[in-house]
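An overview of the molecular structure
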Amino acid sequence: MAEAPTEQHAPWLLLMFSLSAKQASQRVGVWRKLKKYGSVSLRTSGYLLPNRPENQERFEWLAAAIRKYKGKASVAQVHALDDLPSEKLQAIFIAERSKDYEVLIRDLKKIAGKGKREPGDLAKFRRRLQEIAAIDFFNSPLRSRAEALLQSADSIGESKAIPSSGRKTRKEYLDRVWLTRPRPGIDRVSSAWLIRRFIDPAARFVFATDPRQQPKAVPFDMFQAGGFGHRGDDCTFETLRKEFGIRDPKVEVIAEIIHDADLCDEKFGRSEGLGLDRVLIGWANQGISDDELLRRGMELIEGLYRSIS
């Protein structure tokens, strides 16, 4: 006897509601909750979130509150919307979170420009980053930029001298799996290019948010202890170049370009990487896979390398 087909998991939650215009304060309260949850507003007056248990609970709680206000509300699990395929919906969520990160990045740059920070600044910025990241369901490429700037802000006023862990020998890192976070941006794609071209030609790349998910892999740009990442005011690309003693003058130029594009501090006065960075962000907003984003980014850096005379 053939088994009955299992029901496919609906990827989206849709909240539809109506509330009297007389309930102005309640409408504002509902809107603030929806914004806090990271929901996306649809043209049909519905609000969308990825179908996850915590989001189901939030929408159900909000629907109950709307009914208490004498309004009407329904929460539905949705497989698809006719005019908005899942890829487009994901791109909308990424674009919304990117706006939030851009505001945070702008404020972090102000701190970096002053060269000093007030008591409580870091706690405030860290809390803002955590709030945005909590609703960054599809990994905006600007998250890593905000994390890097926050890490740089953490070292403002402190000595930049970071002791080297010693020059690495390449034979220790041949034919390895290298791990980085999803949605790679300009520092990570350029670091992957550097790894494959100058350190480990057979390098394989995987993605995870925690190095413990891939304990045998070599982590880079993970913002956890171990592996290769930002050190002092160096981005990950610069760290790798120094650790492996790569003296190619073209790589030195690229290191300056990547530094200025990633950290936005204009240390070297290099603007070439800004356009590459925007291209990567645009591709990420299209919802292409992490592997494809990394592949395309590495091709961009290879083109940059070949263009340097």
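Thresholds, definitions, all that
- Residues numbered from 1 in each chain as written.
- Predicted model: local features only at pLDDT ≥ 70, side-chain atom pairs only at ≥ 80, totals over all residues.
- Heavy atoms only, no water.
- Helix = DSSP H or I, 4+ residues; strand = E, 2+ residues; numbered from the N terminus.
- Contact = heavy atoms within 4.5 Å.
- Areas by Shrake-Rupley, 256 points an atom, 1.4 Å probe, with all protein chains shown as cover.
- Salt bridge = Lys/Arg side-chain N within 4 Å of Asp/Glu carboxyl O.
- Buried < 20%, exposed > 50% of the residue type's maximum accessible area, 1.4 Å probe, protein only.
- Axes fitted to C-alpha atoms, helices over the stretch in contact; angles between N-to-C directions.
- Parallel < 35°, antiparallel > 145°, perpendicular 65-115°, else oblique.
- Left-handed = near helix turned anticlockwise from the far one by under 90°.
- Nonpolar A, V, L, I, M, F, W, Y, C, P; charged D, E, K, R; others polar.
- Phe/Tyr/Trp six-rings, centres within 6.5 Å; stacked < 30°, edge-to-face > 60°.
- Lys NZ or Arg CZ within 6 Å of the ring centre and 35° of its normal.
- Core = buried A, V, L, I, M, F, W, Y, C linked by side-chain atoms within 4.5 Å.
- Pairing = 2+ DSSP bridges.

Before going further, it helps to spend a moment on the overall build of the protein chain. What the protein chain contains, in helices and strands, is 10 helices and seven strands. Considering only contacts in the protein chain between residues 6 or more positions apart, those separated by 24 or more positions represent 73%. Accessible surface, the protein chain as shown: approximately 16700 Å² in total, 50% of it carbon and sulfur.

One pass over the full model with this rule turns up 24 salt bridges. Linking R197 and E302 is a salt bridge whose minimum nitrogen-to-oxygen distance equals 2.9 Å. Of this pair, R197 sits in helix 6 (residues 186–199) while E302 is found in helix 10 (residues 290–307), placing the two residues 105 residues apart along the sequence. For R197, a relative accessible area of 36% puts it in the partly exposed group. Residue class for E302 comes out buried when judged on its relative accessible area of 17%. One salt bridge in this structure joins K267 and D233, with 3.2 Å as the shortest N-O distance. With K267 in the loop between helix 8 (249–263) and helix 9 (272–285) and D233 in the loop between strand 7 (218–219) and helix 7 (236–243), this residue pair connects regions lying 34 residues apart in the sequence. Exposure remark for K267: the relative accessible area of 42% places this residue in the partly exposed category. By sharing partners, the salt bridges in this structure join R143, E147, R181, R188 and D221 into a single network.

Attention shifts here to the packing of helix 9 against helix 10. Here helix 9 crosses helix 10 at 165°, and the two axes come no closer than 10 Å. Here helix 9 is positioned roughly antiparallel relative to helix 10, judged by the angle of their axes. Here helix 9 and helix 10 pass one another in a crossing that is right-handed. Contacts between helix 9 and helix 10 pair L276, V279, L280, W283 and A284 from the former with L293, R296, G297, L300, I301 and L304 from the latter. Residue classes in the contact of helix 9 with helix 10 are distributed as nine nonpolar, one polar and one charged.

For the rest of this paragraph, the subject is the packing of aromatic side chains. Tallied over the full model, the rule gives 15 aromatic pairs. Consider the rings of F17 and Y47, whose centres lie 5.9 Å apart with planes at 25°: the pair is stacked. In this pair, F17 sits in strand 1 (residues 12–18) while Y47 sits in strand 3 (residues 46–50), placing the two residues 30 residues apart along the sequence. Aromatic pair Y173 and F228: ring centres 5.7 Å apart, planes at 65°, arrangement edge-to-face. Taken together, the residues Y173 in the loop between helix 5 (142–154) and strand 5 (177–180) and F228 in the loop between strand 7 and helix 7 connect sequence positions 55 residues apart. Exposure class is identical for Y173 and F228. Each is buried. Taken together through their ring pairs, the aromatic side chains of Y173, W178, F205, F220, F228 and F244 make up a single cluster. A cation over a ring is seen here: K250 above Y305, with NZ or CZ 4.9 Å from the ring centre. Seen from the ring of W283, R296 lies directly overhead, with NZ or CZ sitting 5.1 Å from the centre.

Let us look at the nonpolar core. With 39 residues, the main nonpolar core has W178, W193, I199, F205, F237 and I254 as its most contacted residues. Every element with two or more residues in this core is listed here: helix 6, strand 6 (204–207), helix 7, helix 8, helix 9 and helix 10. The dominant element in this core, judged by the number of residues it contributes, is helix 6, at eight residues. Not counting chain neighbours up to four residues away, the residues in contact with I199 comprise R170, Y173, L174, W178, L194, L240, F244 and I246.

What follows is about the sheet that holds strand 6. Strand order across the open sheet formed by three strands is 6-5-7, with parallel pairing between neighbours. For this open sheet the edge positions go to strand 6 and strand 7, each flanked by a neighbour on one side alone. In the sheet, strand 5 pairs with strand 7 via two bridges, with the strands oriented parallel. Following the sheet pairing, L179 is matched in strand 7 by P219. Contacts from helix 6 reach strand 5 and strand 6 within the one sheet, and its direction differs from that of strand 6 by about 155°.

A few words on the side chain of T239. Topologically, T239 is positioned in helix 7. With relative accessibility at 4%, the residue T239 sits in the buried group. Sequence-distant contacts of T239, that is, excluding residues within four places in its chain, are made with F228, G229, H230, R231 and D234.

Coordinates in, geometry out; function isn't part of it.
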